[in-house]
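# Summary of the model geometry
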Amino acid sequence: SQTIHQWPATLVQPVGSPLSLECTVEGTSNPNLYWYRQAAGRGLQLLFYSVGIGQISSEVPQNLSASRPQDRQFILSSKKLLLSDSGFYLCAWSPGTGGTYEQYFGPGTRLTVT
Amino acid sequence: GQSLEQPSEVTAVEGAIVQINCTYQTSGFYGLSWYQQHDGGAPTFLSYNALDGLEETGRFSSFLSRSDSYGYLLLQELQMKDSASYFCAVSPGGAGNTGKLIFGQGTTLQVKP
């Protein structure tokens with residue numbers, strides 16, 4: 001069976017500090033991968049998605065970046081965090097074969113920028 | 001642009017039926033999905049409609065009208081554990097095999113005893 005891992009679960013970082021969130025998927029090959037951010041009481045904002053190693057599509061211009069160094073690894077980064085970067089960050093995957101729009105979400109990282 | 005509209009809050013009593021509506025505007029459309037998210041948790045998939053009509057999965061049903069750019073999620077025999085946020089999501093044109101989704105802002109369902 002497939003599982004998706006995210007860490008850390010919670011993170012408190014000062015403004016201006018760097019960020020690195022990691023997401024890994026097990027039990028599947030060549031998944032599509034996604035990073036979302038969710039503000040309190042709001043919907044999910046798609047930040048980045050990837051259909052393969054090194055292939056990153058950015059949905060929202062911001063001070064965040066994403067990388068996919070391995071097939072089942074997706075990393076969200078920032079060089080300098082802003083207060084507005086606070087939120088609940090969710091990683092998700094879907095089968096890379098297409099024809100399905102079911103996404104499977106990781107447990108999320110709750111980031112507070114102080 | 002792309003947008004989805006759904007009510008922000010719905011309240012119902014245990015055992016009742018509730019309908020959560022979703023209207024969308026997208027440039028191209030493959031289908032409409034529904035996700036459930038309990039407070040503090042991750043969203044989980046409930047249903048997907050690509051064609052017009054009703055899809056039933058246990059107590060939950062989902063409906064789509066492509067001509068009206070409209071869908072709804074129907075929850076029957078409500079239970080306290082159904083208290084959660086419900087999101088509609090569209091697969092926009094050009095999504096291809098990316099599986100990309102655009103989510104609505106969510107509807108918070110409160111089930112009362």
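See the structure printed just above.
Throughout what follows, the structure given in this document is the object of discussion.

Basis of the calculations
Residues numbered from 1 in each chain as written. Chains lettered and ligands numbered in written order. Predicted model: local features only at pLDDT ≥ 70, side-chain atom pairs only at ≥ 80, totals over all residues. Heavy atoms only, no water. Disulfide = S-S within 2.5 Å. Helix = DSSP H or I, 4+ residues; strand = E, 2+ residues; numbered from the N terminus. Buried < 20%, exposed > 50% of the residue type's maximum accessible area, 1.4 Å probe, protein only. Pairing = 2+ DSSP bridges.

Here the focus is the state of the cysteines. Taken as a whole, this structure holds 2 disulfides over all chains when the rule is applied. A disulfide bridge connects Cys23 of chain A with Cys91 of chain A, and the sulfur atoms are separated by 2.0 Å. Residues Cys23 of chain A and Cys91 of chain A share a disulfide whose torsion about the S-S bond is about -75°; that sign makes it left-handed. In this pair, Cys23 of chain A sits in strand E3 (residues 19-26) while Cys91 of chain A sits in strand E9 (residues 87-94), placing the two residues 68 residues apart along the sequence. On the accessibility criterion, Cys23 of chain A (0% relative accessible area) is buried. Two residues share a disulfide in this structure: Cys22 of chain B and Cys88 of chain B, whose sulfurs sit 2.2 Å from each other. Handedness of the Cys22 of chain B-Cys88 of chain B disulfide follows from its S-S torsion of about 75°: it is right-handed.

Here we come to the pairing of strand E4 (residues 29-37) of chain B. All names here are of chain B. Among the 9 residues of E4, 8 are classified as buried, and the element is accordingly described as predominantly covered. Direction of pairing for E4 relative to strand E5 (residues 44-49): antiparallel, over a ladder of 5 bridges. The residue bridging Leu32 from the neighbouring strand is Asn49, located in E5. The turn linking E4 back onto E5 is made up of 6 residues, and Gly40 within it adopts a positive phi angle of 80°.

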